[in-house]
Amino acid sequence: VWYHKPAINEELLQSLPNLKVVASAGVGIDHLDLKLLSSYGVKVSNTPFIVSTDTADMGMALLLASSRRLVEGHEMAVSPDTEYFPADWLGTEVSGATLGIVGMGKIGYKVAERAKAFEMKILYHSRNQRKKEEESAVGAVYCKKIDDLLQQSDFVLLAVTLTPQTHKLIGKRELELMKPTATLINISRGLVVDQDALVEALQNKVIRAAALDVTYPEPLPRDHPLLKLKNVIITPHIGSATKKTRWVMMEEMAESIEAGLAGLPVPREVL
């Protein structure tokens, strides 16, 4: 399964009575009905480990690009209408700013490691609190309540898995808790954010900006209001899109399929 295709539904499963394993690219499995697959005796694998480094890099890239207004700056620099660079065209500082990470799994923790090198203060909210030594290694402070993180952070980065509990986790209420100078960064899944509420918050300057590697749907309709806002950066879901990582993802998927066909334990099986 690559980019959620083909759709693994009951019709497909009934047409493939000998199916043994579904190997899905990436971390997220929100596109798969695990109970349905299990009822057909089909095992599922994904590629959760290899994608974390590149996706964390993407999170920091979006943070930096948004804070320093790189897309707008590029457009200004190459525009045929530009006659001078205005001295009051400013971004926001990263060093010393507070980063709130929602979801401190493999990807979230790697983001924290990178943010530490930028001398950022790090808060995090997650289902499970990290070990004290892991927190100390990156200088991260646990927020039991997401509200505390939202109120204190200059940048809020989403790195959670999409589940019923995280569906539209960030909505109108959460956006209004954020600082008016804050930026929302999403490298998880588009449906973690209420997109209509985000548009409204960006238009009304409830928050400063957003940087999104994920939306819903993907791609957005060409007339979607998010595409018209200057304070938004959108990339085409490329968190893991480097040559080496995509190659290893393919290798891992093939390895899982071979093991499943041979009746062996499936590497990286999703239970």
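All figures in this text were calculated on a predicted structure; none of them were measured in a lab.

About the cut-offs
Residues numbered from 1 in each chain as written. Predicted model: local features only at pLDDT ≥ 70, side-chain atom pairs only at ≥ 80, totals over all residues. Heavy atoms only, no water. Helix = DSSP H or I, 4+ residues; strand = E, 2+ residues; numbered from the N terminus. Rg over C-alpha atoms; globule rule 2.2 N^0.38 Å. Buried < 20%, exposed > 50% of the residue type's maximum accessible area, 1.4 Å probe, protein only. Areas by Shrake-Rupley, 256 points an atom, 1.4 Å probe, with all protein chains shown as cover. Lys, Arg positive; Asp, Glu negative; His and termini not counted. Charge placed at Lys NZ, Arg CZ, Asp CG, Glu CD. UniProt positions renumbered as here; feature names shortened; annotations may be inferred. Pairing = 2+ DSSP bridges. Right-handed = clockwise from strand over helix to strand, strands pointing away. Domains from an automatic or database assignment. Contact = heavy atoms within 4.5 Å. Buried area = accessible area lost by both parts, 1.4 Å probe. Salt bridge = Lys/Arg side-chain N within 4 Å of Asp/Glu carboxyl O.

Novice: Residues and numbers for the overall build of the protein chain, please.
Specialist: Summing up its helical and strand segments, the protein chain has ten helices and nine strands in all. Relative to the 2.2 N^0.38 estimate, which gives 18 Å for 271 residues, the radius of gyration of the protein chain is 20 Å and therefore close to what a compact globule would have. Structurally, the protein chain occupies a C-alpha span of about 65 × 50 × 35 Å along its principal axes. Counting only residues that meet the buried cut, the protein chain has 45% of its 271 residues in that class. Surface accessibility of the protein chain: about 14,700 Å² in total, with carbon and sulfur atoms responsible for 56%. Looking at charge distribution, the protein chain has the averaged site of its 31 positive side-chain charges lying 4 Å from that of its 33 negative ones.

Novice: Which residues make up the UniProt feature "domain: D-isomer specific 2-hydroxyacid dehydrogenase catalytic" (unreviewed entry) in the protein chain, and what values go with them?
Specialist: Mapped onto this structure's residue numbering, the UniProt feature "domain: D-isomer specific 2-hydroxyacid dehydrogenase catalytic" (unreviewed entry) falls at residues 2-270. Segment residues 2-270 splits into 36% helix and 13% strand. End C-alpha atoms: 16 Å apart.

Novice: Before we move on, could you go through unusual backbone geometry and cite the residues and values that matter?
Specialist: In the segment running from K5 into P6, the intervening peptide bond is cis, with an omega of 0°. Along the chain, P6 turns up in the segment before α1 (10-15). One non-glycine residue, H4, lies in positive phi territory at about 65°. Tracing the sequence through the fold places H4 in the segment before α1. Here the phi dihedral of R69 falls at roughly 55°; this positive angle occurs in a residue that is not glycine. Along the polypeptide, R69 turns up in the loop between α3 (51-67) and α4 (70-78).

Novice: Mind laying out the pairing of strand β7 (residues 183-186), listing which residues take part and the relevant values?
Specialist: Judged by which residues are buried, β7 turns out to be covered on both faces: T183 and I185 on one side and L184 and N186 on the other are all buried. Sheet topology places strand β6 (residues 155-158) next to β7; four bridges connect them, and they run parallel. From the neighbouring strand, L157 faces β7, where its bridge partner is I185. Sheet topology note: the β7/strand β8 (residues 209-212) ladder contains four bridges and is parallel. Counterpart to I185 in the pairing with β8 is A211. Following the chain from β7 across helix α9 (residues 195-203) to the adjacent parallel β8, one finds a crossover that is right-handed.

Novice: Let's hear about the domain arrangement of the protein chain: which residues, and what values?
Specialist: A common way to state how big an interface is: give the accessible area lost once the parts meet. As far as domains go, the protein chain holds domain 1 (10-49 + 242-262) and domain 2 (51-80 + 91-234). A separation of 29 Å is found between the C-alpha centroids of domain 1 and domain 2. Listed per partner, the contact involves ten residues of domain 1 and six residues of domain 2. Surface buried jointly by domain 1 and domain 2 totals about 750 Å² across both partners, of which 56% is contributed by carbon and sulfur atoms. Considering only the surface of domain 1 that becomes buried against domain 2, D30, F49 and T245 emerge as the three largest contributors, covering 55% of it. Remark: the boundary between domain 1 and domain 2 carries one salt bridge. The closest approach of N and O atoms between R189 and D30, which form a salt bridge, is 3.2 Å.

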